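Residue-level structure breakdown
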Amino acid sequence: MTAMSAGRQLAATDLPPAIDLRGVSKNFGDVRAVRDVTLGIASGEIVALLGPNGAGKTSTIDMILGLSRPNAGDVEVYGMHPRQAIDRGLISAVLQTGGLLKDLTVAETTRYTASLFADARPVDEVLKRAGISAIADRMVGKCSGGEQQRLRFALALLPDPELLILDEPTTGMDVEGRRSFWASIRQDAERGRTVLFATHYLEEADAYADRVILLRHGVVVADGTSAEIKSLASGRTVRATLPGASEAELKSIDGADSVEVRGDTVFIHSGNSDAVARHLLSATSARDLEITARGLEDAFIALTSDEGEAR
Amino acid sequence: MSATQMIDLSDRRAPRRGGINLTVLGLEIRKLLRNRRTVIFALIFPVVLFLFVGTNKAYANLPDGHSNVSAFLMVSMALYGAALATTAGGAMVSIERALGWSRQLRLTPLSPTGYILIKLMTAMVLGLSSVIAVFVVAKITGVPAMFPGYGYLWIVAGLCVWVGSLVFAALGLFVGYLLPSENVMQFLGLVMAVLAFAGGLFYPLRQFPHVLQVIAKFTPLYGLNQLVHAPLLGGGVRLAWVANAVIWFALFAGGAVWQFRRDTARV
């Protein structure tokens, strides 16, 4: 995991980082949703918060937005309290849970929200950028899930935020809707906006983020560029029957990245499975050898599931 | 996207008055008027009730204090309408919390206090509309009459009803925070009908059995009902009426603030 530890260095400027979490924890009763998370996100980064359901993505985002308070640690957005950053229109978000009023039209909802900010972009402009100008006069209750999500995106664009946060923005959309939604986001991010999005789709993180932060059980388990994350996914697993094997012994095999012993069966993950297999067959009494490729999805599961704890 | 960007934080301002503005108030009222059930209950129902009970030739023109009975009943129906309207307006928070809109608003500079104030103002505008609807239709029928020299009572009685309905805006907010449901008004509509009977708005209390009369005096519409009719009757104001209205207002408003605080602490 050494390659993944540092993540991207914060851009060296006098400006505070877009997001600065220091030792942040959040508990819900006995459930420790977020545990001692420290991370910084610099201006201009597009960052994916990747993890399965229950990994602490939404809890983390809620604290960044000031929607909930951490039990421990500090959260700062552009050097200020999240609430102050929202009041100044510095951050905005598209949330899964943010509801819309059914009996206002798309344009009215946007006008309503725009009026709450000291400075807001024109309603027509944000509707256009979210791709919903054509349905401006439609009642929100008559809009599809994808259209409502685009409306939330339009609302998030109103203050022209420096930082845009998206919590599972494409949940419930079909493939085409997802693609065009991301095209809008991407187009928007090209203007230099900082974007943090939570997703449990590995492909989304891979396709749209410069940096991927993997969360599991409220802990950051990996943080790096998507290329680095992908390199984790390369390699294969060599499985063999080898009675009496010790983990230490297996780890010393050239090319073995991680090993696991379950009774007589050993699992060795390696970027060079050929070398591992050759060693096992020539230097040990291993039999029933099997080599399996690990896809992106497996890497993700390995990193984020309980099985991956040993890593 | 790794390029360092200069961001000027100094031109970023927070809105004045916590985000409260006329655009929002206008849209809130438009939204309320789009809700057919709200319009029927708050504006049409009280008017129809007045037309049925307030214009009956058998008693409408009998004198009663400084006005005739029809004017007395007009004020009763306006109070019922305003109380229903403000309750419905306040209870909007329930629907908006159930839908998650209040959470969406937390992403804007609108403060929680600003939100509750907007709901309160919207409820009071709807309450005023209800009073005006009943008074205007009543005036058109030509049946209610203030006696010579007491024409100003139209305004005084209307204002009393409107200001009094603040008690029920508080009730609406309290229940709205207590029960996050889209159907809270179905429940509150029923409660309001019972309270209106108990408060003596639909039927003179003195014709109730004694036990019910005693109980009725402790219900929330009783004190207000007596107070808003006091200018018409000219018989003075009893401390018990004021106490009833003030205590119920304190209870509802206190409950609303308590629930509101719990809500914002939890987010």
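This one's a predicted model, so the numbers in the text were calculated from it and none came from an experiment.

Within chain B one finds twelve helices and two strands. Counting from the amino terminus, chain B carries its helices and strands in the arrangement α-α-β-β-α-α-α-α-α-α-α-α-α-α. If one aligns the C-alpha atoms of chain B with their principal axes, the spans along those axes are about 85 × 40 × 30 Å. Scored against the burial criterion, the 267 residues of chain B give a buried share of 46%. Here the analysis covers contacts within chain B between residues at least 6 apart in sequence; of these, 81% occur between residues at least 24 apart.

Residue and element names in this part refer to chain A. Spatial strand order, E5-E6-E7-E3-E8-E9: six strands in an open sheet with mixed pairing. Strands at the two margins of the open sheet, each flanked by one partner only, are strand E5 (91-94) and strand E9 (219-225). When the angles between neighbouring strand axes are averaged without regard to direction, this sheet yields 15 degrees. Judged from the five bridges that link them, strand E3 (residues 46-50) and strand E7 (residues 194-199) form a sheet pairing that is parallel. Paired with Val 47 across the two strands is Leu 196, which belongs to E7. The sheet contacts of helix H1 (residues 57-64) involve E3, strand E6 (163-167), E7 and strand E8 (211-216), and relative to E6 the element is tilted by about 150 degrees.

The next thing to look at is the confidence of the model for chain B. Residue and element names in this part refer to chain B. Per-residue confidence for chain B averages 89 on the pLDDT scale, and 96% of its residues sit at or above 70. Low pLDDT, under 50, characterises residues 1-5; the stretch is placed with eleven contacts to residues that sit more than four places away or in other chains. This complex was scored by the predictor with a pTM of 0.80 and an ipTM of 0.85.

With that settled, consider the interface of chain B and chain A. Chain B puts 30 residues into the contact, and the matching count from chain A is 37 residues. Counting only elements with at least two residues in the side of chain B that touches chain A, the list comes to helix H1 (22-34) and helix H5 (101-105) of chain B. Ranked by residue count, the leading element in the side of chain B that touches chain A is H1(B), at five residues. Here the side of chain B that touches chain A is built from residues that sort into 14 nonpolar, ten polar and six charged.

Rules and cut-offs
- Residues numbered from 1 in each chain as written.
- Chains lettered and ligands numbered in written order.
- Predicted model: local features only at pLDDT ≥ 70, side-chain atom pairs only at ≥ 80, totals over all residues.
- Helix = DSSP H or I, 4+ residues; strand = E, 2+ residues; numbered from the N terminus.
- Buried ≥ 20, exposed ≤ 12 C-beta atoms within 10 Å, placed from the backbone.
- Contact = placed C-beta atoms within 7 Å.
- Pairing = 2+ DSSP bridges.
- Axes fitted to C-alpha atoms, helices over the stretch in contact; angles between N-to-C directions.
- pLDDT = per-residue confidence, 0-100.
- Nonpolar A, V, L, I, M, F, W, Y, C, P; charged D, E, K, R; others polar.

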